[in-house]
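# Coordinate analysis (summary)
The primary structure of each chain is shown beneath.
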Amino acid sequence: MTTNAAPSTSPSTTPSTSTTPSTSTTPSPSTTPSPSLGTLASPHVLDNPAWASLSGPHAAFAEQAARLGTGLFPSRAALYPSDVAPFAALADPADPDSWADLRRLLGDGGIATLSGAPAPPDGWETVGSVLGVQLVDTSLRAEPAPEAVRLGPGDVPEILGLIELTKPGPFLPRTVELGTYLGIRHQGRLIAMAGERLRPPGWTEISAVCTHPEHRGRGLATRLVRAVAAGIRERGDVPFLHTSASNATAIRLYESIGFTLRRRPSFTAVRVPGDSAAKAS
């Protein structure tokens, strides 16, 4: 659901990940098998994963505006801080009150990136849209990667350099705070990474899967996906991920390692009515 910046008039709406994981390794099966697609718990939260995250496990990140006329919460719209993730969310995309709350939150001329939302209300502008796919873990063999290291705030400059080179999807200076990010280094240099982004209750999104071009074809991305998934499974969540609907190679390979296509959400950048953008230009 891109560059390391908040949505602009050329929106950064491409979902992670664009890097295709290799299947050259054959690790032993995880001792904690994934459920079948038909038995996945509460799949409806994945229809609106950003809202489920911001109103649940990621509530500490949520920016909201008080309800009009009351000064009270809860708002029916929320967004991540602009240096954490580029996504906003509506409690109910079909509810005019949710859109009204988002308008108050963003201000005139503000831009938000939404997942799976219908056409915006009259007066709003659709800045751009990208069709994605959502895949869920149904038979992924998860296991730790002994060579992987935990990445943190001190690694952000190097992470952003790898993201800029490989462009797997949006990653901002504080994205690393959303969950566990793992990396593989070669001679001290970060050459591959993957981590956790959205966290709807019971689920965790695997994101920012990427490998330096000089080190592709060695199964590094696949090992990291399996390792991140192992940590997700350990706390009782089910892994899922997004990628571009046009990335047929990545979709086939994610399916081959145990992910199943669930839905095809759009990632859409919308602008609030108003002339703030014009005044700022």
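Note that the structure is predicted; figures quoted are calculated from it, not measured. The numbers attached to residues start from 1 for each chain and follow its sequence in the written order. Thresholds applied to this predicted model are a pLDDT of at least 70 for local features of residues and 80 or more for the giving and counting of side-chain atom pairs; totals over whole chains, interfaces and linings are not thresholded and use all residues. With hydrogens and water set aside, each side-chain value is computed from the structure's full complement of heavy atoms.

## Some words on the overall build of the chain
Put simply, the rule is: The numbering of helices and of strands both runs from the N terminus, where a helix is a DSSP run of H or I of at least 4 residues and a strand a run of E of at least 2. Burial classification: accessible surface area is computed with a 1.4 Å probe over protein chains only, and a residue below 20% of its type maximum counts as buried, one above 50% as exposed, and the rest as partly exposed.
A count of helical and extended segments in the chain gives 6 helices and 11 strands. By residue count, 52% of the 281 residues in the chain fall in the buried class.

## Quick word on the pairing of strand E9 (residues 238-244)
How we decide: Two strands qualify as a pair provided that DSSP identifies no fewer than 2 bridges between them. Handedness is read with the strands pointing away from the viewer; a crossover is right-handed when the path from the first strand over the helix to the second is clockwise.
Most of E9 sits out of view: 7 of its 7 residues are buried. As paired elements, strand E4 (residues 125-137) and E9 share 5 bridges and run antiparallel to each other. By the bridge assignment for E9, Val 136 is matched with Phe 240. The parallel pair strand E8 (residues 203-211) and E9 is bridged by helix H4 (residues 220-234), and the resulting crossover is right-handed.

## So, the pattern of salt bridges
This is how the line gets drawn: One speaks of a salt bridge when a side-chain nitrogen belonging to Lys or Arg is within 4 Å of a carboxyl oxygen belonging to Asp or Glu.
In this structure the tally under the stated criterion is 17 salt bridges. Here Arg 174 makes a salt bridge to Asp 83, at a shortest N to O gap of 3.2 Å. Of the two residues, Arg 174 is situated in the loop between helix H3 (156-166) and strand E6 (181-186) and Asp 83 in the loop between strand E1 (77-79) and strand E2 (88-90); the sequence distance between them amounts to 91 residues. Note that Glu 125 and Arg 271 form a salt bridge whose closest N and O atoms lie 2.7 Å from each other. With a gap of 146 residues between them, Glu 125 in strand E4 and Arg 271 in strand E11 (residues 266-271) connect regions that are remote in the sequence. If you follow the salt bridges from partner to partner, you end up with Glu 196, Arg 199, Arg 235 and Asp 237 in one network.

## Observations concerning unusual backbone geometry
With a phi close to 50 degrees, Lys 167 is a non-glycine residue in the positive phi region. Note on placement: Lys 167 falls in the loop between H3 and E6. Judged by relative accessible area, Lys 167 falls into the partly exposed class, the value being 37%. Even without glycine at this site, Gln 187 takes up a positive phi of about 55 degrees. Residue Gln 187 is classed as exposed on the basis of its relative accessible area, which comes to 77%.

## Details of the environment of Ser 115
With respect to the helices, strands and loops of the structure, Ser 115 is situated in strand E3 (residues 111-115). Along the sequence, Ser 115 and Phe 87 sit 28 residues apart, while their C-alpha atoms lie 7.9 Å from each other.

## Brief notes about the confidence of the model for the chain
Formally: The predictor reports its confidence for every residue as pLDDT, a score running from 0 up to 100. Any two residues whose heavy atoms approach within 4.5 Å are treated as being in contact.
Overall, the prediction assigns the chain a mean pLDDT of 85, with 80% of residues at 70 or greater. The model gives residues 1-14 a pLDDT under 50, and that stretch makes 48 contacts with residues more than four places away or in other chains. Note that residues 276-281 has pLDDT below 50 and, in this model, 4 contacts with residues that lie over four places away or in other chains.

## Focus: the side chain of Thr 175
How we decide: We call two N or O atoms a polar contact when they sit within 3.5 Å, provided that within protein one can donate a hydrogen and the other can accept it, with sequence-adjacent residues counted only if both atoms are side-chain atoms.
Here Thr 175 shows up in the loop between H3 and E6. In this structure Thr 175 comes out as buried when scored by relative accessible area, which is 2%. A polar contact of 2.7 Å, which involves the side chain of Thr 175, links it to the backbone nitrogen of Leu 172. Setting aside residues no more than four positions away along its own chain, Thr 175 makes contact with Asp 83, Val 84 and Tyr 181.

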